[in-house]
Amino acid sequence: MAVKIRLARGGAKKKPFYQVVVADERCPRDGRFIENLGQYDPKQDPPMVNLREDKTLEWLKQGAQPTETVRQILRKQGIWAKFKQPEGA
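All figures in this text were calculated on a predicted structure; none of them were measured in a lab.

**Description of the overall build of the protein**
Moving on, step 1. Summing up its helical and strand segments, the protein has three helices and five strands in all.
Moving on, step 2. For the protein, the succession of helices and strands along the chain, N to C, is β-β-β-β-α-β-α-α.
Moving on, step 3. Since a compact globule built from 89 residues should have a radius of gyration of about 12 Å, the 13 Å found for the protein is in line with a globular shape.
Moving on, step 4. For the protein, restricting intrachain contacts to residue pairs at least 6 apart in sequence, the fraction spanning at least 24 positions comes to 31%.
Moving on, step 5. Total accessible area on the protein is roughly 5900 Å²; 49% of this is exposed by carbon and sulfur atoms.

Next up, the structure:
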C-alpha cells in the first residue's frame, strides 16, 4: 500500500480550504484518509498553515510520500529540512 501526504479539498465554490491528510494513493482526493495532519487555507494573506509537526515527521520517516504541493508547504514551514537533516546533526 503506497501512502501519500496530500491535500483534501473542502469549503464552498471559489472558497477552497484544504486538509493535509495521509491517505492511500488509490483513494480519491476527498475520500477516505488514514490521518488528518492539519489545515491549509490559501485564501488568507499570508496563507494559513496549521500542521502537527510531530505526526508529519513520523509519517515521513515511515515512508509516506508528500505530493509536490504538500512538499512546498513543508519546506515553507521548515518541516522538510528537519526530515532531511541527519539524526546526529
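**Points about the layout of surface pockets**
Moving on, step 1. Estimates place the volume of the largest pocket at around 160 Å³.
Moving on, step 2. Here the lining of the largest pocket gets five residues from one element, more than from any other, and that element is helix H2 (residues 68–77).
Moving on, step 3. Its residues placed into classes, the lining of the largest pocket shows four nonpolar, three polar and one charged.

**Some details on the sheet that holds strand E3 (residues 35–41)**
Moving on, step 1. If you trace the five strands from one edge of the open sheet to the other, you get E4-E3-E2-E1-E5, paired in mixed fashion. If you trace the sheet from one side to the other, it starts and ends with strand E4 (48–51) and strand E5 (65–66), each paired once.
Moving on, step 2. Where strand E1 (residues 3–12) meets strand E2 (residues 15–24), ten bridges bridge the pair, whose relative direction is antiparallel. If you follow Ile5 over to E2, its bridge partner there is Val22.
Moving on, step 3. Sheet strands touched by helix H1 (residues 53–61): E1, E2, E3, E4 and E5. Its angle to E3, the strand with the most contacts, is close to 120 degrees.

The rules behind these values
Position labels on residues start from 1 in each chain and follow its written sequence. At least 70 in pLDDT is required for a residue's local features to be given in this predicted model, at least 80 for side-chain atom pairs to be given and counted, and no such filter applies to totals for whole chains, interfaces and linings, which use all residues. Where side-chain values are given, they derive from all heavy atoms of the structure, hydrogens and water being excluded. The numbering of helices and of strands both runs from the N terminus, where a helix is a DSSP run of H or I of at least 4 residues and a strand a run of E of at least 2. Computation of the radius of gyration draws on C-alpha atoms, with the globule rule given as 2.2 Å multiplied by the number of residues to the power 0.38. Contact definition: two residues touch when any of their heavy atoms are within 4.5 Å. Residue exposure ignores everything except the shown protein chains as possible cover, and the areas themselves are Shrake-Rupley values with a 1.4 Å probe. The rule is simple: put a 1 Å grid over the protein atoms alone, call a set of points where a 1.4 Å probe fits but cannot get out a cavity, call an open set with protein on both sides within 12 Å along at least five of seven lines a pocket, and count a residue as lining if it has an atom within 4 Å of a point. Grid points are joined across faces, edges and corners, and a volume is the space filled by probe spheres set on the points. Each residue receives one of three labels: charged for Asp, Glu, Lys and Arg, nonpolar for Ala, Val, Leu, Ile, Met, Phe, Trp, Tyr, Cys and Pro, and polar for the others, Gly being one of them. Each pair of strands is called paired provided DSSP finds at least two bridges between the two strands. Angles run from 0 to 180 degrees between N-to-C directions of axes, and those axes are lines fitted to C-alpha atoms, restricted for helices to the stretch in contact.

This is a description of form; function is not addressed.
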